[in-house]
Amino acid sequence: SFSGKAFATLMEANQQTQQSTAAAAPPAPILYKCARPGCTSPSATLQCPECLKLQVPGYLSHFCGPECFKQVWNSHRRLHATPTWHSDYRFTGPLRPGRITPKLAVPEDIAHPDYVDHPEGASLSEMAGDRLPIEVKTPAMIEGLRVSGRLAREVLDIAGRSVRPGITTDEIDRIVHQACIERHCYPSPLGYRLFPKSCCTSINEVICHGIPDTRPLQRGDIINVDITIYYNGYHGDLSETYLVGGPEACNPDWVKLVRTTYECTMLGISVCKPGVPYSEIGAIIEKHAHANGCAVVRDYVGHGIGHLFHTVPNVCHYKCRDPHIMQVGHVFTIEPMINLGTHFQTHSWPDDWTAVTIDGMPSAQFEHTLVVTPTGVEIFTHRLPESCPLNFSTMPEEVLTDPARLAAALAPPPKEGARQEEPQPEKKKKHRR
């Protein structure tokens, strides 16, 4: 509870902090909105003193006045608590998590998936769908998925344009959440198996499922933003990895990792067409990854998608023996997670979500949702003219976004001096009388 005495103590501490800060240096010309959800005040000058000590970002710690601060105190004070596992946990790499803010609300008039109402965030329809054959989508279902894929792409591009040094992944999550609400979409990760945020943000050695928090992005980081939206009964899923500060700010090996991961994704798409075994996807991805000094994660795979967030088929990104064959109307994701180096194994943080590399080396990921067509595939989450530039590669955009052209560009040239076989004349068939 928030007692009057505790509130008065905080107000006194805030006044003393502001006075000492003013005496030391002139105030920074930063204007914050009130951190209380629903408050429309354009200016907030009251900062929580405990947040100031803990260096909690200003957009989370400023309020327009004592009344707003008091109303949200019970939820706001959770920002002051430090997770107990951070102090004695042995991290595999240098990344350290920040503080996780309370989850954001979704208006009641926006339709949500079934797992939102489950106490453990479980999807009962997904559990039933795992026992069914791969669904052949109808034209109406394909159109619904086409729309959800386009909306997901719009949200990801908005998130991608916000990536810069100094922004927190919590701010990116808020931007994603707001973009979803503006499009009348539900952010699919929110509440799925109790995931607390509206998107996944995976930095450096994080392979996938990173929880947005208050850690600011640093120049030279790489970050994957994974977006899934739920609109009119269909999910749309995609992700991209961004270079924080641009390619000139990042380790060249990390830039190569991101480029290789993108190429792996598009190569996997390039082999998709009716009659092709699903195992062909993993075979071509793993071959390209190994050729570039990288390893393919095996613990996480692509998946079918539609009315369900995750369903059959399971799409392996490594060489495997998958007996399933692609058919027209199959809809699934290709989303290889590629680690720099030789280790494909994963390790999970105690938050039950964040998967990291076992040696602290960086990992990258790209993802598309696609449907098998009579002539190949249609990518529902294809890039738009306003999408963020693919600054990890010097190839033209029109080549990078066309799986077939990119596969041709990446194909090894014929060996010099190799004998070319001359076409043999067609033998005449003998007809039996």
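Predicted, not measured: the structure shown is a model, and the values here were computed from it. (Residues numbered from 1 in each chain as written. Predicted model: local features only at pLDDT ≥ 70, side-chain atom pairs only at ≥ 80, totals over all residues. Heavy atoms only, no water.)

(A) Just empty space enclosed by the protein, in detail. Counted by the stated rule, this structure contains one cavity of 30 Å³ or more. Empty space within the largest cavity amounts to approximately 40 Å³. Sorting the residues of the lining of the largest cavity by element identifies strand 7 (234–243) and helix 10 (252–270) as the ones contributing at least two each. Split into classes, the residues belonging to the lining of the largest cavity amount to two nonpolar, three polar and three charged. (1 Å grid on protein atoms, 1.4 Å probe; cavity = no way out; pocket = protein on both sides within 12 Å on 5 of 7 lines; lining within 4 Å. Points joined across faces, edges and corners; volume = space filled by probe spheres on them. Helix = DSSP H or I, 4+ residues; strand = E, 2+ residues; numbered from the N terminus. Nonpolar A, V, L, I, M, F, W, Y, C, P; charged D, E, K, R; others polar.)

(B) Layout of the packing of aromatic side chains. Within this structure, the stated rule accounts for twelve aromatic pairs. Their ring planes at 85° and their centres at 5.2 Å tell us that Tyr-262 and Phe-366 sit as a pair that is edge-to-face. Taken together, the positions of Tyr-262 in helix 10 and Phe-366 in the loop between strand 15 (363–365) and strand 16 (368–373) put the pair 104 residues apart, joining distant regions of the chain. Overall, the relative accessible area of 3% leaves Phe-366 in the buried class. On the numbers, 5.4 Å between centres and 50° between planes, the contact of Tyr-262 with Phe-392 is tilted. Of this pair, Tyr-262 sits in helix 10 while Phe-392 sits in the loop between strand 17 (376–379) and helix 12 (397–400), and the two are 130 residues apart along the sequence. On the basis of relative accessible area, Tyr-262 is assigned to the buried category, the value being 3%. Judged by its relative accessible area of 4%, Phe-392 is buried. (Phe/Tyr/Trp six-rings, centres within 6.5 Å; stacked < 30°, edge-to-face > 60°. Buried < 20%, exposed > 50% of the residue type's maximum accessible area, 1.4 Å probe, protein only.)

(C) View of the pairing of strand 7. Across the ten residues of strand 7, ten count as buried, placing the element largely inside the fold. By the alternation rule, side chains of strand 7 split into Tyr-234, Gly-236, Leu-238, Glu-240 and Tyr-242 and His-235, Asp-237, Ser-239, Thr-241 and Leu-243, which are all buried. Both strand 6 (residues 222–231) and strand 7 contribute to a ladder of ten bridges, which runs antiparallel. Bridge assignment links Ile-229 to a residue of strand 7, and that residue is Gly-236. Hairpin connection from strand 6 to strand 7: two residues lie between these consecutive antiparallel strands, with Asn-232 at a positive phi of about 55°. (Pairing = 2+ DSSP bridges.)

(D) The nonpolar core, seen in detail. Among the nonpolar cores identified, the biggest contains 38 residues, and Tyr-262, Ile-281, Met-326, Phe-332, Ile-334, Ile-338 and Phe-392 are the most heavily contacted of them. Breaking this core down by element, the ones donating at least two residues are helix 10, helix 11 (279–291), strand 8 (294–296), strand 11 (331–334), strand 12 (337–340), strand 16 and helix 12. Ranked by residues supplied to this core, first place goes to helix 10 with seven residues. (Core = buried A, V, L, I, M, F, W, Y, C linked by side-chain atoms within 4.5 Å.)

(E) Seen up close, the pattern of salt bridges. Applying the stated rule across the entire model yields 14 salt bridges. Between Arg-146 and Glu-143 there is a salt bridge, and its shortest N-O distance comes to 2.5 Å. Highlighted residues: Arg-146 and Glu-143, both in helix 8 (residues 139–162), separated by three residues, approximately one helical turn. We note a salt bridge from Arg-383 to Glu-397, for which the minimum N-O separation is 3.1 Å. With Arg-383 in the loop between strand 17 and helix 12 and Glu-397 in helix 12, the pair connects residues that are 14 residues apart, well separated along the chain. Overall, Glu-397 belongs to the partly exposed group, its relative accessible area being 34%. Among the charged side chains, a network of salt bridges with common partners joins Arg-153, Asp-157, Glu-240, Arg-383 and Glu-397. (Salt bridge = Lys/Arg side-chain N within 4 Å of Asp/Glu carboxyl O.)

(F) The arrangement of unusual backbone geometry in detail. Note the cis peptide between Val-312 and Pro-313, where omega equals 5°. Looking at where Pro-313 falls in the secondary structure, it is placed in strand 10 (residues 311–315). Phi at His-184 takes a positive value of approximately 60°, unusual for a residue other than glycine. With respect to the helices and strands, His-184 occurs in the loop between helix 9 (169–182) and strand 3 (186–187). Residue classification places His-184 among the partly exposed residues on the basis of a relative accessible area of 38%. Although it is not a glycine, His-209 adopts a positive phi angle of roughly 65°. Within the secondary structure layout, His-209 lies in the loop between strand 5 (206–208) and strand 6. The class of His-209 is partly exposed, set by a relative accessible area of 25%.

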